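Residue-level structure breakdown
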Amino acid sequence: MRSRGAVASRKSPAALACVAFVTLSLLGCDSTDPVTSPQGTPSGEHSPSAPGSAPPAEPRAQLAAAAAAASDLRMTAFYTLQTPGRPDRTVAVTLAEDGGWRVDIPGGAPGSAGGTGGTGDVAMAQNADGLFRCALPSAANPVTPYCVRLGDPDAVVEPALDPRLHHLFADWRAVLADRRAPLAVSVTEPLDGADGTCFSVESTTTSLQPPLDVGIYCYRPDGTLTGARLELGTLLLAGQPGAAPPSITLPGPVTTGVPPGSAGTPPTSSGSTTGTG
């Protein structure tokens, strides 16, 4: 009688290979290890996003970030103001290192209508001493420069004296940076001549006085305002901004009396020339 060992020894190599394959297959069925895709990611799972592939922030967050950067920006710059029916005008902006600012607006004396449709040149300025409205000389209005203090630095300008343009570089930045402000924001096509990202801004409140003028605001990521289209006109950055001075310089002495652009008696000197030049 042949032994079992003898029978096993007579099995062909092919038969032995089949037995080994079946054994390994059974072991594989009992394994709890996940099946790995060719890329090395377990099947049924999504591979992690590559660094930097996060979706872009929604427009309101983008604008808030740009406006927050603008609040910290210090520079001198020139802008071109385009208003239908009028020649282009150059607006000078100074954002000083100490937080003071000054905006020179040709034709910015609004008279009783408000806005920037007047013929007198004015400057709106703010420093630690207060908020000022200053008269600037021009060929059409060769006045001696002077300034009138309107109140504390956070004073509200009455509508008849408010050229509004300076708000772009003053209090409107805080409104745009505040995500709780009643605004609807969307990314829009860039204004001709403005780089960066342009945002369409609408008010969502029924208040008679919205927190800022609705329109289009264009910003670079560093907070530089490159353009704005508002009811008062279109403002475009002209050239590259320069370095900021330590503080602003008022264009003339501070006087008492009525601010430039108001009806009333001419101002009289208070003897104060601090911060002028």
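Residues numbered from 1 in each chain as written. Predicted model: local features only at pLDDT ≥ 70, side-chain atom pairs only at ≥ 80, totals over all residues. Heavy atoms only, no water.

1. Concerning empty space enclosed by the protein
Under the convention used in this document: Put plainly, a pocket is an open set of points on a 1 Å grid over the protein atoms alone with protein on both sides within 12 Å along at least five of seven lines, a cavity is a set where a 1.4 Å probe fits but cannot get out, and a lining residue has an atom within 4 Å of a point. Grid points are joined across faces, edges and corners, and a volume is the space filled by probe spheres set on the points. Each residue gets one label: Ala, Val, Leu, Ile, Met, Phe, Trp, Tyr, Cys and Pro are nonpolar, Asp, Glu, Lys and Arg are charged, and the others, such as Gly, are polar.
Applying the stated rule across the entire model yields 1 cavity of 30 Å³ or more. The volume enclosed by the largest cavity comes to roughly 50 Å³. If you trace the largest cavity, you find it lined by A70, L73, M75, L95, L168, F169, R173, Y219, G223 and L225. Here the lining of the largest cavity is built from residues that sort into 8 nonpolar, 1 polar and 1 charged.

2. Quick word on the pairing of strand 10 (residues 225–230)
This is how it is decided: A 1.4 Å probe rolled over the protein chains alone gives each residue an accessible area, and that area as a share of the maximum for its type sets the label: buried under 20%, exposed over 50%, partly exposed in between. Only DSSP runs of H or I covering at least 4 residues are called helices, and only runs of E covering at least 2 are called strands; the numbering of each starts at the N terminus. DSSP bridges decide pairing: two strands pair if at least two such bridges lie between them.
Of all 6 residues that make up strand 10, 5 are buried, and the element is covered over most of its length. Bridging between strand 9 (residues 215–219) and strand 10 involves 4 bridges; their strand directions are antiparallel. By the bridge assignment, Y219 is partnered in strand 10 with L225. Connecting strand 9 to the next strand, strand 10, in antiparallel fashion are 5 residues, including G223 with a positive phi near 100 degrees. Sheet topology places strand 10 next to strand 11 (residues 233–242); 4 bridges connect them, and they run antiparallel. From the neighbouring strand, L230 faces strand 11, where its bridge partner is G233.

3. As for the side chain of S200
Convention followed: Any two residues having at least one pair of non-hydrogen atoms within 4.5 Å are treated as being in contact.
One can find S200 in strand 8 (residues 197–203). Ignoring anything within four residues of it in the chain, the contact list for S200 reads A184, V185, S186, T188, G215 and I216.

4. Description of the environment of V258
Secondary-structure assignment places V258 in the loop between strand 12 (254–256) and strand 13 (268–272). By relative accessible area, which is 22% here, V258 ends up partly exposed.

5. Observations regarding the state of the cysteines
Condition: Cysteine sulfur atoms are paired as a disulfide whenever they come within 2.5 Å of each other.
For the coordinates displayed, the defined rule picks out 2 disulfides. Sulfur-sulfur distance for the disulfide between C134 and C147 comes to 2.1 Å. Taking the torsion about the sulfur-sulfur bond, which here is approximately 105 degrees, the covalent link between C134 and C147 counts as right-handed. Remark: C147 occurs in strand 6 (residues 146–151) and C134 occurs in strand 5 (residues 130–136); sequence separation between them is 13 residues.

6. As for the pattern of salt bridges
The line we're drawing: Criterion for a salt bridge: a side-chain nitrogen of Lys or Arg within 4 Å of a carboxyl oxygen of Asp or Glu.
Within this structure, the stated rule accounts for 7 salt bridges. Here R164 and D162 are joined by a salt bridge, their closest N and O atoms 3.6 Å apart. Judged by relative accessible area, which is 21%, R164 ranks as partly exposed. By relative accessible area, which is 6% here, D162 ends up buried. The partner of R180 in a salt bridge is D178, and the shortest N-O contact between them spans 3.2 Å. Of the residues examined, R180 reaches a relative accessible area of 76% and is grouped as exposed. What makes D178 partly exposed here is its relative accessible area of 26%. The structure contains a network of salt bridges with shared partners spanning D162, R164 and D213.

7. As for the environment of G261
Position of G261 relative to the elements: it lies in the loop between strand 12 and strand 13. Spatially, the C-alpha atom of G261 lies 8.4 Å from that of V122, the residues being 139 residues apart in sequence.

8. Regarding unusual backbone geometry
In this structure, R164 takes a positive phi of about 70 degrees despite not being glycine. Its location among the elements puts R164 in the loop between strand 6 and helix 4 (172–177).

9. A look at the side chain of D213
How we decide: Any pair of nitrogen or oxygen atoms within 3.5 Å is treated as a polar contact; in protein, a donor-acceptor pairing is required on top of that, and neighbouring residues in sequence qualify only through side-chain atoms on both sides.
On the secondary structure map, D213 appears in the loop between strand 8 and strand 9. A distance of 2.7 Å separates a polar atom in the side chain of D213 from a polar atom in the side chain of R164. In this structure D213 touches R164, W172, L230 and L232, once residues within four positions along its chain are discounted.

10. A look at the packing of aromatic side chains
Basically, it comes down to this: Aromatic pairing here means that ring centres of Phe, Tyr or Trp (its six-membered ring) are within 6.5 Å. Orientation follows from the plane angle: under 30 degrees is stacked, over 60 is edge-to-face, and everything else is tilted.
Using the criterion set out here, one finds 1 aromatic pair in the structure. When the centroid spacing of 5.3 Å and the interplanar angle of 55 degrees are considered together, the rings of Y79 and F169 count as tilted. Of this pair, Y79 sits in strand 1 (residues 75–82) while F169 is found in the loop between strand 6 and helix 4, placing the two residues 90 residues apart along the sequence. Each member of the pair, Y79 as well as F169, carries the same accessibility label: buried.

11. Section: the nonpolar core
Let me state the cut-off plainly: The criterion is simple. A nonpolar core is a set of buried Ala, Val, Leu, Ile, Met, Phe, Trp, Tyr and Cys residues joined through side-chain atoms within 4.5 Å.
If you look at the biggest cluster of nonpolar residues, it comprises 41 residues, and the most contacted ones within it are Y79, L168, F169, L176, V201 and Y217. Membership of the second largest hydrophobic core comes to 10 residues, among which are A125, F132, C134 and L250.

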